[in-house]
Amino acid sequence: QQQVKQSPQSLIVQKGGISIINCAYENTAFDYFPWYQQFPGKGPALLIAIRPDVSEKKEGRFTISFNKSAKQFSLHIMDSQPGDSATYFCAASIINTNAGKSTFGDGTTLTVKP
Amino acid sequence: DAGVTQSPTHLIKTRGQQVTLRCSPKSGHDTVSWYQQALGQGPQFIFQYYEEEERQRGNFPDRFSGHQFPNYSSELNVNALLLGDSALYLCASSPGEQGRYTFGSGTRLTVV
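Report follows, based on the coordinates. Bear in mind the structure is a predicted one, so any value in this text is a computation, not a measurement. (Residues numbered from 1 in each chain as written. Chains lettered and ligands numbered in written order. Predicted model: local features only at pLDDT ≥ 70, side-chain atom pairs only at ≥ 80, totals over all residues. Heavy atoms only, no water.)

### Focus on the pattern of salt bridges
The tally for this structure, following the rule as stated, stands at seven salt bridges over all chains. The salt bridge partner of Arg61 of chain A is Asp84 of chain A, with a shortest N-O separation of 2.8 Å. You can see Arg61 of chain A sitting in the loop between strand E6 (56–59) and strand E7 (62–67) and its partner Asp84 of chain A sitting in the loop between strand E8 (72–77) and strand E9 (86–94), a full 23 residues away along the chain. The class for Arg61 of chain A is partly exposed, based on a relative accessible area of 28%. Ionic pairing is found between Glu54 of chain B and Arg57 of chain B, a salt bridge with its closest N-O pair at 3.2 Å. Since its relative accessible area comes to 28%, Arg57 of chain B is described here as partly exposed. (Salt bridge = Lys/Arg side-chain N within 4 Å of Asp/Glu carboxyl O. Helix = DSSP H or I, 4+ residues; strand = E, 2+ residues; numbered from the N terminus. Buried < 20%, exposed > 50% of the residue type's maximum accessible area, 1.4 Å probe, protein only.)

### So, the interface of chain B and chain A
The interface of chain B with chain A comprises 19 residues on the first partner and 19 residues on the second. Each partner contributes to the roughly 1,500 Å² buried at the junction of chain B and chain A, and carbon and sulfur atoms together form 51% of this total. At the junction of chain B and chain A, the tally comes to zero salt bridges. In this assembly, chain B and chain A are joined by two residue pairs in polar contact (both at pLDDT 80 or more). Of the residues contributing to the side of chain B that touches chain A, the split by class is seven nonpolar, ten polar and two charged. (Contact = heavy atoms within 4.5 Å. Buried area = accessible area lost by both parts, 1.4 Å probe. Polar contact = N/O pair within 3.5 Å; in protein donor to acceptor, adjacent residues only side chain to side chain. Nonpolar A, V, L, I, M, F, W, Y, C, P; charged D, E, K, R; others polar.)

### Concerning the sheet that holds E7 of chain A
Strand pairing in a sheet takes place through backbone hydrogen bonds and is either antiparallel or parallel in direction. Residue and element names in this part refer to chain A. Taken together, five strands build an open sheet; the order of strands is E1-E3-E8-E7-E6 and the sheet is antiparallel. The open sheet terminates on both sides in strands that have one partner only, identified here as strand E1 (4–7) and E6. When strand polarity is set aside, the average angle formed by the axes of neighbouring strands in this sheet is 15 degrees. Inspection of the sheet shows E1 paired to strand E3 (residues 19–25) by four bridges, in the antiparallel sense. In the strand pairing of E3, Ser7 is matched with Asn22. (Pairing = 2+ DSSP bridges. Axes fitted to C-alpha atoms, helices over the stretch in contact; angles between N-to-C directions.)

### Some words on the packing of aromatic side chains
According to the stated counting rule, one finds 20 aromatic pairs over all chains in the structure shown. Relative to Phe66 of chain A, the ring of Phe33 of chain A has its centre 4.8 Å away and its plane inclined at 45 degrees; by these criteria the two rings are tilted. Linking Phe33 of chain A in strand E4 (residues 33–38) with Phe66 of chain A in strand E7, this pair joins segments that are 33 residues apart in sequence. Accessibility classification places Phe33 of chain A together with Phe66 of chain A in one group, the buried group. An angle of 70 degrees between the planes, with centres 5.5 Å apart, marks the rings of Tyr35 of chain B and Phe45 of chain B as edge-to-face. One end of the pair, Tyr35 of chain B, is in strand E4 (residues 31–37); the other, Phe45 of chain B, is in strand E5 (residues 44–50), with ten residues separating them in the sequence. The class for Tyr35 of chain B is buried, based on a relative accessible area of 0%. Judged by its relative accessible area of 7%, Phe45 of chain B falls in the buried class. (Phe/Tyr/Trp six-rings, centres within 6.5 Å; stacked < 30°, edge-to-face > 60°.)

Dropping the structure here:
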């Protein structure tokens, strides 16, 4: 049972454009939703995260939109740059009960063309 | 400030052998989690260690075992290696048992 479904699998965007990656989850007990960025040969790096008590969080060019009723959240990368080309993973976890394991999506490979 | 350090970076083992992977967490972090990342997939949770005890375990067989030391560093052991164990093994540390991870660069294990 895949608890976090991520789409699209791959995405090509022109420099300066907006990249949008979507995730859907099943377990309503999840209360922490991070996005990770992974470059080849490296481990995932935490990019931005959101709790379900807010609908949007923005950090620089990166924004998470969260829809609790639809059990969906998305990552928006504004003014996409070639350096943003990487694989992006959404994840979900339950942190309030000290059960901090994260369930990851299968990833989205983003290519930003110059 | 050193992040999460994993060793070795690459490893080639023969089917049936045993392997030990090592992880030093980020300074100030006391919880270590291990993940397996197959090519083209997201990380899959193996287990988590906190206060030298295994606190949670994912859907992995008993061939996968671990340990956490008093200095919070950790080891992942895999016995009776199978070809399907070939993957990138990631160590993630966090302050407490929360999901706010700092990942290491991983150990690339190849089983032949």
